[in-house]
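# Structural description and commentary
Read off the chains here:
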Amino acid sequence: MRKMKNMLILAVMIFSLWITTGLSLSAEETKPTSGNPDNRLEEILQRGKLIVATSPDFAPQEFIDDSKKGQAQYVGSDIMMAQYIADQLGVELEIQAMDFAMVLSSVDLGESDMAISGFGWKEDREISFELSDGFNKTGEAACQGLLIRRADAEQFPTLESFDGKLIAAQAGSLQENYVQTQLPQATLETITSMDIGILSLTTNKVDALASDCDVAKGYASKDGSLMLADARFDTSKEDQHDGNVLAVKKGEKELIAAINEIIEKINEEGLYEQWKNEAKVQAKKLGIEFDGSEDVIVETKAPGVFDVFVENYDIFLNGLLETLKLAAITVFFGTIFGALIAIIKLSKNPLLRFLTAVYVEVLRGTPILVQLYIFRFFLPMAFPWLNLSKYACVVIALVFNSSAYVAEIIRSGIQAVDKGQSEAAKSLGMSNRHMMMKIILPQAVKNILPALGNEFVTMIKETSLASTFYIGELMYTRTLLMSTKFYAWQPLIIIAAIYFVVTFVLSKGVQYMEKRLSVSD
Amino acid sequence: MINSGKKLIEVKGLKKNFGALEVLKGIDETIHKGEVVSIIGPSGSGKSTFLRCLNLLEKPSSGQVIFEGVDIADKKINIDHHRQKIGMVFQHFNVFPHLTVLENITITPTLEKKVPQKEAEDKAMKLLKQVGLEEKAHEYPRKLSGGQKQRLAIVRAMAMEPDVMLFDEPTSALDPEMVKDVLEVIQQLAEGGMTCVIVTHEMGFARSVSDRVLFMDEGRIAEQGSPQQIFDHPNHPRTIEFLSKVL
């Protein structure tokens, strides 16, 4: 027992050193000041920085170059355009990557100045945001089509052939527009991200995936069972609302006017096409092909799970280490907090008991994902002076959540100690404090430690939710490999396997610990 | 075994309810210094509850428990201080499994009475010798048999040098071959002059060791007297009924 205690203390010390060297608690991202709402442009100029939200899962417009770190990893024609806009305004550029679904709300909440992520003009969007003039609409760059299974190629020679079929399109995208207007007889299936669309297509859940031609070619180059259909959407209308748009917060008239001026310049000088070509070259270096003409059948078979793993084992390893680190930090601090809560809950003061009871019930009774969102968005708003990074918000949310579970673990661990023990101690005339410290707690530890071990194992799985916020743990490698290498499903299987192996081994470890601890019974 | 006449524990109008259930319905009784009192009766009669009220492991719903002149049910007093003078032995031993036999005995005197470690250990070894457990001093309780654990529990309580020892069915959880050894230890204590209150089903033992026997039934002391009176010439119909079933 003593030997185990010493080992435990040593482990905790080593661990504390390790995690404190890796914590990035203060924001690398700039927090936009919540100043006068109608003067965002002024704010940007004053600040010297333009903050742009995007979802980098859309080559060649916005994607990730995983050979780079930090801001440099975000590449693509939209990124170059954002850089151009920033240069024209005379400020620096900061890219904030996030899930596609959060890009617009980020602008709405004032977290970012501008959103650019392959959006198309939509009437309801125009109501909630200031949308720019269109760009990326001329020449072959305006090619919009449908990704289909190669086996179905003969079924779909024309647009009309898609009548009555199930077509997937990303919610709120340009392609969704096209499906609604040009394929009214088809059934639209909205999806949240392209990789879900790919999965739906390859598993025969949908018949086609509406996509930018280049993006479609990129996917097809990685998976020979898919191809760009011959039929294309009609993009010939010269309309102010054609092409892509970007969005800023509603009411920021000065900002959108300044941006539109710049867009006019871009369109006149044909800059966007240049950027797109550059982006395609860059993508090619990462193994993403756009130049395969539809006539040349690209017969690359999609790589299998094992190949993807071998090719990217370092990415998975890093992701796993981040996951373990995140889980460890969470349970470590969660235990400290949880112990505090457990002690307060034993207080004689009924108000303290009530408050801690509410704390525990609420945190255990609401989904972790909801808590993550709340902490992620409300903490920086409520405490701007703390300058909390996205990572810190997520960690804080997980720590609070874990502390509630730990408090319960401690309480029930103490309660599980046989009542006769406290009766014997009391009957001997031992003080309450001595009874707790010398008799009850040492025995409760035997119940608590294995349960804490299980909490750690559970947390390893729960940290996968942090990937929603583009925190680079194991689950995020899926997003990464999706956007950089167009691997739709292989990473999922590898990730699941890694989680399983890790949790299984650790669970066995916890069982072993439980056995060792109960020897003295 | 000598009844000195000095009142050690006085119980007045003791009532105990568990929710709607009335377990003790009004008990008046006095335990004198040097007395050995046995409490017998059917299960559910409140014997254990009564015993546990004597060191306030159960809080009386009403009434008084006066130990050495102090009402220990009073919230204002330091109950730990008084409990140190009342030893208790439980049916299920309740020895501390994470401490050695020796540590079980020395922990409370060193913590609460500030007895120096060496002195506490010497005294503990003496006590262990008396009950034949000195060789087990550095073992953990899991290595002991039930009878040995109970002897440890008795010695642990004795180490606090109490004025009275309470026994709550001390042999009910023991295998038959171990009962005798434990009863012998209790008998030695009693003959040595320790005031004892014993709840037990061992009628033969109660008869031979007690000065007084209390028969409890349905939350009251139905009858009491010397062992001869109770066992040979019971008066109360319930006493007669009970004894006919167990003897």
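Use the structure listed above.
This report concerns the structure included in the present document. This one's a predicted model, so the numbers in the text were calculated from it and none came from an experiment.

### Considerations on the overall build of chain B
A count of helical and extended segments in chain B gives nine helices and ten strands. Whereas a compact globule of 247 residues would reach a radius of gyration of roughly 18 Å, chain B reaches 18 Å, a difference of no more than 12%. With the principal axes as the frame, chain B shows a C-alpha extent of 55 × 45 × 35 Å. For chain B, buried positions account for 55% of its 247 residues.

### Remarks on the environment of Met513 of chain A
Among the secondary structure elements, Met513 of chain A is positioned in helix H18 (residues 490-517). Residue classification places Met513 of chain A among the buried positions, given a relative accessible area of 17%.

### Focus on the sheet that holds strand S6 (residues 86-89) of chain B
Residues and elements named next belong to chain B. Taken together, six strands build an open sheet; the order of strands is S6-S7-S8-S3-S9-S10 and the sheet is mixed. On the outer flanks of this sheet lie S6 and strand S10 (220-225), each paired with one strand and no other. Taken over all neighbouring pairs, the strand axes of this sheet differ in orientation by 20° on average, direction set aside. Relative to strand S8 (residues 195-199), strand S3 (residues 36-40) runs parallel, the two being bridged by four bridges. Within S8, the residue paired with Val37 across the bridge is Val197. Helix-sheet contacts for helix H1 (residues 47-54) involve S3, S6, strand S7 (164-168), S8 and strand S9 (212-217), and the interaxial angle to S7 is about 150°. Contacts between helix H5 (residues 146-158) and the sheet are confined to S6 and S7, with S6 contributing the most and set at about 175° to the helix.

### Describing the environment of Gln224 of chain B
Residue and element names in this part refer to chain B. When you line up the elements, Gln224 lands in strand S10. For the pair Gln224 and Met125, spaced 99 residues apart in sequence, the C-alpha separation works out to 39 Å. With residues up to four places along the chain from it excluded, the contact list for Gln224 reads Glu29, Arg212, Val213, Leu214 and Ile230. In terms of polar contacts, Gln224 uses its side chain to reach the side chain of Glu29, at 2.9 Å. At a separation of 2.8 Å, a polar atom in the side chain of Gln224 contacts the side chain of Arg212.

### Quick notes on the nonpolar core
Judged by nonpolar contacts, the single largest core of 112 residues is most densely connected at Leu50, Met81, Ile85, Met114, Leu147 and Leu246 of chain A. Excluding residues within four positions of it along the chain, Met81 of chain A makes contact with Ile116, Phe135, Leu246, Ile263, Ile266, Tyr272 and Trp275 of chain A. Counting 49 residues, the second-largest nonpolar core is a separate cluster that includes Leu57, Ile107, Leu111 and Leu166 of chain B.

### Remarks on H1 of chain B
All names here are of chain B. Counting buried positions along H1 yields seven of eight residues, so the element is predominantly enclosed. Of the residues making up H1, those classed as buried are Lys47, Thr49, Phe50, Leu51, Arg52, Cys53 and Leu54. Directly beyond the C-terminal end of H1, a positive phi value near 60° is found at Leu56.

### Here's the deal with the pairing of S3 of chain B
Residues and elements named next belong to chain B. Here S3 lies mainly inside the structure; five of its five residues are buried. Alignment of S3 against S9, held across four bridges, turns out to be parallel. Note that in S9 the partner of Val37 across the bridge is Arg212.

### A closer look at a negative patch on the surface
Side chains of Glu261, Glu264, Glu268 and Glu269 of chain A sit close together on the surface and give a patch of like negative charge. Along the polypeptide, Glu261 of chain A turns up in helix H9 (residues 253-268).

### Some thoughts on the packing of helix H11 (residues 305-345) of chain A against helix H12 (residues 350-365) of chain A
Residue and element names in this part refer to chain A. It is the contact of H11 with H12, at a shortest axis distance of 8 Å, that shows an interaxial angle of 140°. One finds that H11 runs oblique with respect to H12. The two elements H11 and H12 meet at a crossing, and its hand is left-handed. Every residue of H12 that contacts H11 at Ile341, Ile344 and Lys345 is listed here: Leu352, Arg353, Thr356, Ala357, Tyr359 and Val360. Here the residues of the contact of H11 with H12 are counted per class, giving six nonpolar, one polar and two charged.

Thresholds applied
- Residues numbered from 1 in each chain as written.
- Chains lettered and ligands numbered in written order.
- Predicted model: local features only at pLDDT ≥ 70, side-chain atom pairs only at ≥ 80, totals over all residues.
- Heavy atoms only, no water.
- Helix = DSSP H or I, 4+ residues; strand = E, 2+ residues; numbered from the N terminus.
- Rg over C-alpha atoms; globule rule 2.2 N^0.38 Å.
- Buried < 20%, exposed > 50% of the residue type's maximum accessible area, 1.4 Å probe, protein only.
- Pairing = 2+ DSSP bridges.
- Axes fitted to C-alpha atoms, helices over the stretch in contact; angles between N-to-C directions.
- Contact = heavy atoms within 4.5 Å.
- Polar contact = N/O pair within 3.5 Å; in protein donor to acceptor, adjacent residues only side chain to side chain.
- Core = buried A, V, L, I, M, F, W, Y, C linked by side-chain atoms within 4.5 Å.
- Patch = residues over 30% accessible without salt bridge, like charges linked within 9 Å, V, L, I, M, F, W, Y side chains within 5 Å.
- Areas by Shrake-Rupley, 256 points an atom, 1.4 Å probe, with all protein chains shown as cover.
- Salt bridge = Lys/Arg side-chain N within 4 Å of Asp/Glu carboxyl O.
- Lys, Arg positive; Asp, Glu negative; His and termini not counted.
- Charge placed at Lys NZ, Arg CZ, Asp CG, Glu CD.
- Parallel < 35°, antiparallel > 145°, perpendicular 65-115°, else oblique.
- Left-handed = near helix turned anticlockwise from the far one by under 90°.
- Nonpolar A, V, L, I, M, F, W, Y, C, P; charged D, E, K, R; others polar.

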